[in-house]
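Architecture and fold: a report
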Amino acid sequence: MSVLNQKTIKSTISFNGIGLHSGKKVNMILSPASPNFGIVFKRSDLKKNNLVYPSVFNVSSASYCTKITNEYGVSVSTVEHLMAALCGLGIDNILIDLNSEELPIMDGSSKNFVEEIKRTGFKISDQPIRIIKINKKITYEDGEKFISFEPNKISLEIDFEIKYKQNSILNQKNKKNIYMDDLTDIYNSRTFCLFEDVKKLKKMGLAQGGSLQNAIVLKGNEILNIEKLRNSNEFVNHKILDCLGDIYLSGYRMVGKITSSQGGHNVTNQGLRELLSNNENYSIIELKEKNIPHSFLIKNPLKSSA
């Protein structure tokens, strides 16, 4: 059966951890779902109105993490690392049950999510996948920050750079072809912050669960973690990870080229809103074997799940 058909996981997977910003313990269970079910979050700690659907237009906050909220005011936050794992691994249908508002941060990356999903394996349906194909270039700017979306016939490229006046170590640039490159370094790259910002974040009620076990902390030119960098581009690679997760809130995998400088959750979300606000900017295509971009055929996610 074609790897271009919709996929879910073979069996349930449980994760236990702490919310990065809430500091609350959380249990999260991923369950297989039927074709065309999509990705759905369920707040099991609530008895009603507890389903939250990932959507670019359901993003209620994009400051320091991505939070999505349904029409009843029920929210799920810090969804980006799991969404990036689901996108990169080609998971189309899954139920995500959690007993708190915020997903577990794990080690600050997507590493644990990816490893467990691969270990569990995939179940392939007989239903074809759909993709968003970008038709024309769209750019969103916020001062020096920007993100652009433009056509690419065969794949999804993310070209990202970060610049920090406070710490030049963080100034990095990298480009990844999402469907053709090895994404291990992207999945394994952890969130990061400056030591001098920790107190400020905690005063804002954020980073209550943050520690050296789930974030890289820099003090001047020194990395305070015992485990130093996992790869030479870990800072910008984490930004690519966040970007990939935020892009999957569009509801489909994407074919196009994305370029961003100094962006983050808010810039990506605002850019996606502008892209998706006009039907002329994009097309939603049901993939057929005859006209499929070849990059979807090159990378077979089943190879790593045996």
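For the structure, check the block above.
A few points on the structure. This one's a predicted model, so the numbers in the text were calculated from it and none came from an experiment.

The secondary structure content of the protein chain amounts to seven helices and 20 strands. The C-alpha atoms of the protein chain give a radius of gyration of 18 Å, which matches the 19 Å a tight globule of 306 residues would have. Principal-axis analysis of the C-alpha atoms places the extent of the protein chain at approximately 55 × 45 × 40 Å. Per-residue burial over the protein chain gives 54% buried out of 306 residues. For the protein chain, contacts bridging at least 24 residues in sequence account for 74% of all contacts bridging at least 6. Carbon together with sulfur atoms contributes 48% to the accessible area of the protein chain, which is approximately 13700 Å² in total.

Moving on, we get to the pairing of strand 12 (residues 138-142). Within a regular beta strand, the side chains point alternately toward one face of the sheet and then the other, so they alternate between its two faces. Pairing of strand 12 with strand 13 (residues 145-150), which is carried by five bridges, proceeds in the antiparallel orientation. Looking at the pairing, Y140 lines up with I147 of strand 13. If you look at the hairpin formed by strand 12 and strand 13, you'll find two residues sitting between the two strands, and G143 has a positive phi there, around 65°.

A few words now on the nonpolar core. In globular proteins that are soluble, nonpolar side chains generally tend to be buried together. If you look at the biggest cluster of nonpolar residues, it comprises 69 residues, and the most contacted ones within it are L30, F41, L86, I96 and M254. With sequence-adjacent residues up to four places away left out, M254 is seen in contact with I132, I134, F149, S155, L156, Y179, I247, L272 and L275.

At a minimum axis separation of 9 Å, helix 1 (residues 80-89) and helix 2 (residues 111-120) run at an interaxial angle of 40°. Judged by the angle between their axes, helix 1 and helix 2 are oblique. Read as a crossing pair, helix 1 and helix 2 show a hand that is right-handed. Along its contact with helix 1, which presents H81, L82, A85, L86 and L89, the element helix 2 presents F113, V114, I117 and K118. Residues belonging to the contact of helix 1 with helix 2 are distributed by class as follows: seven nonpolar, one polar and one charged.

Judged by pairing direction, the sheet is antiparallel, and its three strands sit side by side in the order 6-7-8 without closing on themselves. With one partner strand each, in any of the chains shown, strand 6 (59-61) and strand 8 (75-77) form the two edges of the open sheet. On average, each strand axis in the sheet is inclined to that of its neighbour by 35°, with strand direction left out of account.

This brings us to the packing of aromatic side chains. Describing an aromatic ring pair means giving the distance of the ring centres and the angle of the ring planes. Scanning the entire structure with this criterion turns up three aromatic pairs. Consider the rings of F15 and F113, whose centres lie 5.0 Å apart with planes at 85°: the pair is edge-to-face. You can see F15 sitting in strand 2 (residues 13-18) and its partner F113 sitting in helix 2, a full 98 residues away along the chain. The exposure classification of F15 matches that of F113, with both residues buried. Judged by centre distance (6.2 Å) and plane angle (70°), the ring pair of Y164 and F192 falls under edge-to-face. Of the two residues, Y164 is situated in the loop between strand 14 (156-162) and strand 15 (172-177) and F192 in strand 16 (residues 192-194); the sequence distance between them amounts to 28 residues. The structure contains a cluster of three or more aromatic residues connected by ring pairs, namely Y164, F192 and F235.

Quick look at helix 2 now. Restricting attention to buried positions, one finds in helix 2 the residues F113, V114, I117 and T120. Take helix 2 and look down its axis: the buried residues cluster within an arc of 135°, on one side only. Summarising the contacts, the buried residues of helix 2 are in contact with strand 1 (5-9), strand 2, strand 3 (25-32), helix 1, strand 10 (122-128) and helix 3 (184-188).

As a further point, take unusual backbone geometry. Negative phi is the rule for most residues except glycine; trans is the rule for most peptide bonds. Its identity as a non-glycine residue notwithstanding, N36 has a phi of 70°, on the positive side. Looking at the secondary structure, you find N36 in the loop between strand 3 and strand 4 (39-43). Of the residues examined, N36 reaches a relative accessible area of 48% and is grouped as partly exposed. The residue N49 is not glycine, and still its phi comes out positive at about 55°. For N49, a relative accessible area of 33% translates into the label partly exposed.

Our focus in this paragraph is helix 5 (residues 234-247). Note that an α-helix has 3.6 residues per turn; residues three or four places apart therefore point the same way. The end-to-end C-alpha separation of helix 5 is 20 Å, in line with the 20 Å expected for 14 residues at 1.5 Å each. Counting buried positions along helix 5 gives 14 out of 14 residues, so the element sits mostly inside the fold.

This part takes up the sheet that holds strand 18 (residues 222-223). Overall, mixed pairing links the three strands, which are arranged 16-17-18 in an open sheet. The open sheet terminates on both sides in strands that have one partner only, identified here as strand 16 and strand 18. The sheet strands contacting helix 4 (residues 195-203) are strand 16 and strand 17 (216-219), and the helix crosses strand 16 at an angle near 95°.

This model, assessed by the stated rule, comprises twelve salt bridges. A salt bridge links D159 to K173, with the shortest nitrogen-to-oxygen separation between them at 3.2 Å. In this pair, D159 is assigned in strand 14 and K173 in strand 15, connecting sequence segments 14 residues apart. On the basis of relative accessibility, which here comes to 12%, the residue D159 falls in the buried class. A salt bridge links E161 to K163; its shortest N-O distance comes to 4.0 Å. Judged by its relative accessible area of 47%, K163 falls in the partly exposed class. In this structure, a network of salt bridges that share partners links the residues D107, R190, E227, R230 and E234.

The rules we used
- Residues numbered from 1 in each chain as written.
- Predicted model: local features only at pLDDT ≥ 70, side-chain atom pairs only at ≥ 80, totals over all residues.
- Heavy atoms only, no water.
- Helix = DSSP H or I, 4+ residues; strand = E, 2+ residues; numbered from the N terminus.
- Rg over C-alpha atoms; globule rule 2.2 N^0.38 Å.
- Buried < 20%, exposed > 50% of the residue type's maximum accessible area, 1.4 Å probe, protein only.
- Contact = heavy atoms within 4.5 Å.
- Areas by Shrake-Rupley, 256 points an atom, 1.4 Å probe, with all protein chains shown as cover.
- Pairing = 2+ DSSP bridges.
- Core = buried A, V, L, I, M, F, W, Y, C linked by side-chain atoms within 4.5 Å.
- Axes fitted to C-alpha atoms, helices over the stretch in contact; angles between N-to-C directions.
- Parallel < 35°, antiparallel > 145°, perpendicular 65-115°, else oblique.
- Left-handed = near helix turned anticlockwise from the far one by under 90°.
- Nonpolar A, V, L, I, M, F, W, Y, C, P; charged D, E, K, R; others polar.
- Phe/Tyr/Trp six-rings, centres within 6.5 Å; stacked < 30°, edge-to-face > 60°.
- Arc of directions from axis to C-beta.
- Expected span 1.5 Å × (residues − 1).
- Salt bridge = Lys/Arg side-chain N within 4 Å of Asp/Glu carboxyl O.

Keep in mind that these numbers describe shape and distance, not what the molecule does.
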